[in-house]
Amino acid sequence: SGRLLQTTLTGGDGSYRFAGLVPGTYSLHQVQPEGYFHGGQIAGNLGGDASLEDIIDAIVLPSGAVATDYNFPEVPPATISGYVFQDGPALLGIEPPAPEDLRQFRDGMRQPEDQPISGVVLELRNVLGEPFSADRALPGTYPTGPIRVTTGADGYYEFPGLRPGTYHVYQVQPDGFIDGLDTPGTTGGVAVNVADIPADIELQFILQTLIASSETDPGTDAILNVTLTAGAWSRENNFSEIKFEQLPPPPLPQEIPVAEIPAVSMHEFPADQRAVGFATPPAVKPAVYYELVYPVTWHLSVINGGSPRGDQANAGPVVKQASMADDPEFHESRHRKGRWSLFTRTGERLPISDALTLGDESAVPLAGDFNGDGRYQIAIYVDGIWYVDMNGNGRWDQGDLIVKLGNSLDRPVVGDWDGDGKTDVGIFGRQWPRDPEAIVNDPGLPSTANRRFTRPKNVPPNPPEATDGVRKMRRYREELRADLIDHVFRYGEHQDIPIVGDWNGDGIDSIAIYRDGVWVLDEDGDGRLTDRDPVIAFGYPGTIPVVGDWNGDGIDNLGFVDGDLWVLDSDGDRQLSDRDERLRIPTDGPDARPVVGDWDGDGRDQPGYYRTVGAEDDQADEGTSPRAA
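Each value, and the rule that gives it
Residues numbered from 1 in each chain as written. Predicted model: local features only at pLDDT ≥ 70, side-chain atom pairs only at ≥ 80, totals over all residues. Heavy atoms only, no water. Helix = DSSP H or I, 4+ residues; strand = E, 2+ residues; numbered from the N terminus. Buried < 20%, exposed > 50% of the residue type's maximum accessible area, 1.4 Å probe, protein only. Core = buried A, V, L, I, M, F, W, Y, C linked by side-chain atoms within 4.5 Å. Contact = heavy atoms within 4.5 Å. Pairing = 2+ DSSP bridges. Axes fitted to C-alpha atoms, helices over the stretch in contact; angles between N-to-C directions. Phe/Tyr/Trp six-rings, centres within 6.5 Å; stacked < 30°, edge-to-face > 60°. Lys NZ or Arg CZ within 6 Å of the ring centre and 35° of its normal. pLDDT = per-residue confidence, 0-100. Salt bridge = Lys/Arg side-chain N within 4 Å of Asp/Glu carboxyl O. Polar contact = N/O pair within 3.5 Å; in protein donor to acceptor, adjacent residues only side chain to side chain.

## Thoughts on the overall build of the chain
Scanning the chain from N- to C-terminus turns up three helices and 40 strands. When the 629 residues of the chain are sorted by exposure, 45% land in the buried category.

Set out below in structure tokens:
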């Protein structure tokens, strides 16, 4: 009937209790506590209607019943804070330094001797660069209208009373200073520094959206993508300014009188006795150079042995469970042009090598634990089609897996993108049309070191945030399904060699690039090329990079191959030294390609080679072969 029966207050542990109730139907009404955002209401063990804010209705209480877990979660507000300060003493010069050269003069880091700047206005914006209004913050925190704050005498500013989410902080440039280097705070973000824009791919993509309108353009005074969880405090989002004092220009050179030079008479040749003939030289066009440069991206797809994400259906690479009865593509006579030579670390060729025949013309060899049994299986990539030896017998037959992702220009990679113990697939190649939008929205891999907070990292993207490529998938006697590409990254250039490894031992493989002996590892798994990513010199131009867990500690280490010489960073110090393991593994012909895998399941990776052979070699291998892995 809506009649008030009892009121109570929560205790120190947040619990409340209504006792002595007669059987009947009841409603719970909560008075929203000050200092918190409404977080919902949850009906407990006897059910009820929790559709109205701060109300749980239609609770039917039988005789002797105890209704529990009728909860009202509240969300504590979050805060963004920082300082505006003069970075070091004034710079003296004729002209102020160019913005792109500021890191040659200052580092933007706040030090005790730096001077605070008071009276500077800072604005809170949403992810689209639009002003964030006071009615979306904790009631009573700000006056009506866009949220703005001003630094105090200590240069400090603060945006309290915020909901969990992602924010931009724009600064109004103070008079009398040139814009310095800004620094994101304790929860991450991206600062708009002209000196960093060329190298910061993430910043370039964010700015593409914001600069489309003068109303949202941050100029060069903003810290973007400051992420807050409930009750979090993002500190030290700092804006540095530089004081510049112009020196007087140098004095003009004194004018020196020039002595008059007497004219000299010149002998004139007759018109028909020219000593030299002159002509207009033909115009020579300068050479034109065309650089074959195009943007490249990574597309990583979770396949989990043919059942990505369980039985979910979304939208992507074509994956089909092998079936001889349904599709001649899976006949055992196909894709048998491969020769694999697997070795121990002492250089002994393993007998299982003779059983491995999976291969084809133009195939790229790959290896991974595709079925999760603790041993590596082999696979090949041919012009965008993956042939995976799922049953581990080394040859193409019923029960194996075919995946469609990429094309002949893409370079394949394999890794465990979701930490389930099964190897997944990916490609590195030319950017797809909708990749820029997908890259901005991608939260990165679910590595423990990845601190990006956007959407959950271990679930597929929502269709509006995904790239335009899809993977169609079919298993034997099951419906055709499609999955969105799980992760899209821009990391490296087309000249780089794509590499994958578990760089920190968390069970998640992350990407990397290699060029002329230099490695760059995305160790935190965020898919962004930043100054946090280690740059390592291990190898030299002309060598082939290889990756493996050489010592069994769960962390992948670096290595390279030069002819038949394998150099492995077996001590894991990421330095080329005489402590590194060096192996002489004879190549299986000039076209042999190195492969790495845990061939015996002991947790330590071992070397190997693959090469493609002709039809006459195929005929020699008819019959039964032992299990390969």
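## So, the nonpolar core
Residues I80, L124 and F159 are the most contacted members of the largest nonpolar core, which totals 23 residues. Where this core is concerned, the elements lending two or more residues are β6 (78-86), β9 (121-125), β11 (156-162), β12 (165-171) and β15 (222-228). Residues contacting L124, with those up to four places away along its chain left out, are I80, E130, P131, F132, I147, F159, L162, Y167, H168 and V169. In terms of nonpolar packing, the next biggest core, distinct from the first, is built from 22 residues, F205, L366, Y381 and V414 among them.

## A short note on unusual backbone geometry
Despite not being glycine, D69 shows a phi value in the positive range, around 60°. By the element assignment, D69 lies in the loop between β4 (55-61) and β5 (74-75). A positive phi angle, near 50°, is found at D383, a position not held by glycine. According to the relative accessible area criterion, D383 is partly exposed, its value standing at 46%.

## Describing the sheet that holds strand β39 (residues 593-597)
Sheets are built from strands paired through backbone hydrogen bonds, the pairs being either parallel or antiparallel. Spatially, β21-β40-β39 is the arrangement adopted by the three strands of the open sheet, whose pairing is antiparallel. Each edge of the sheet is formed by a strand with only one pairing partner; in this case those strands are β21 (338-342) and β39. Going from strand to strand, the sheet's axes swing by 30° on average, the running direction of each strand aside. In the sheet, β39 pairs with strand β40 (residues 606-612) via five bridges, with the strands oriented antiparallel. When the bridges of β40 are listed, G597 appears paired with Q606.

## Digging into the packing of aromatic side chains
Considering all chains together, one arrives at 15 aromatic pairs under this definition. Aromatic pair Y16 and F18: ring centres 6.0 Å apart, planes at 65°, arrangement edge-to-face. Overall, the relative accessible area of 29% leaves Y16 in the partly exposed class. One aromatic cluster in this structure is built from Y157, F159 and F239. Geometry around Y83 places R110 over its ring, the cationic atom sitting 3.7 Å from the centre.

## Description of the sheet that holds strand β31 (residues 497-501)
Across the sheet, four strands lie side by side as β31-β32-β33-β34; this open sheet has antiparallel pairing. Both outer strands of the open sheet, β31 and β34 (535-537), are each paired with one neighbouring strand and no more. If you compare each strand with its neighbour and ignore which way they point, the axes differ by 30° on average. Where strand β32 (residues 510-515) lies against strand β33 (residues 518-521), four bridges are found, and the strand directions are antiparallel. The residue bridging I513 from the neighbouring strand is V520, located in β33.

## A short note on the pairing of strand β23 (residues 377-382)
Of all six residues making up β23, six are buried, and the element is well covered by its neighbours. On β23, burial covers both faces: Q377, A379 and Y381 on one face and I378, I380 and V382 on the other are all buried. Sheet analysis places strand β22 (residues 364-368) next to β23, joined by five bridges and oriented antiparallel. Residue pairing across strands places V364 opposite Y381, the latter belonging to β23. The pairing of β23 with strand β24 (residues 385-388) spans four bridges and is antiparallel. For Y381, the partnering residue across the bridge sits in β24 and is W386. Following β23, the chain reverses through two residues before pairing antiparallel with β24; D383 in that reversal takes a positive phi of roughly 50°.

## Considerations on the confidence of the model for the chain
Confidence in the prediction of the chain, expressed as mean pLDDT, is 84, and 83% of residues score 70 or more. Predicted confidence for residues 311-318 stays below pLDDT 50, and this span has 36 contacts to residues more than four positions away or in other chains.

## Looking at the pattern of salt bridges
Under the definition given, this model contains 14 salt bridges. As a salt-bridge pair, E523 and R574 come within 2.9 Å of each other at their nearest N and O atoms. One end of the pair, E523, is in the loop between β33 and β34; the other, R574, is in the loop between β37 (565-568) and β38 (581-584), and 51 residues separate them in sequence. For E523, a relative accessible area of 26% translates into the label partly exposed. Its salt-bridge partner being R611, residue D588 comes within 3.0 Å of it at the nearest N-O pair.

## Observations regarding the environment of D217
By the element assignment, D217 lies in the loop between α1 (201-210) and β15. By relative accessible area, D217 is classed as partly exposed at 36%. Ignoring sequence-local partners within four residues, the contact set of D217 consists of Y170, L210 and I211.

## With respect to the side chain of Q377
With respect to the secondary-structure elements, Q377 resides in strand β23. A distance of 2.8 Å separates the side chain of Q377 from the backbone nitrogen of F370, its partner in a polar contact. Within polar-contact distance, the side chain of Q377 engages the side chain of D373 at 3.0 Å. The contacts of Q377, once residues within four sequence positions are left out, are L366, A367, G368, D369, F370, N371, D389, M390 and G392.

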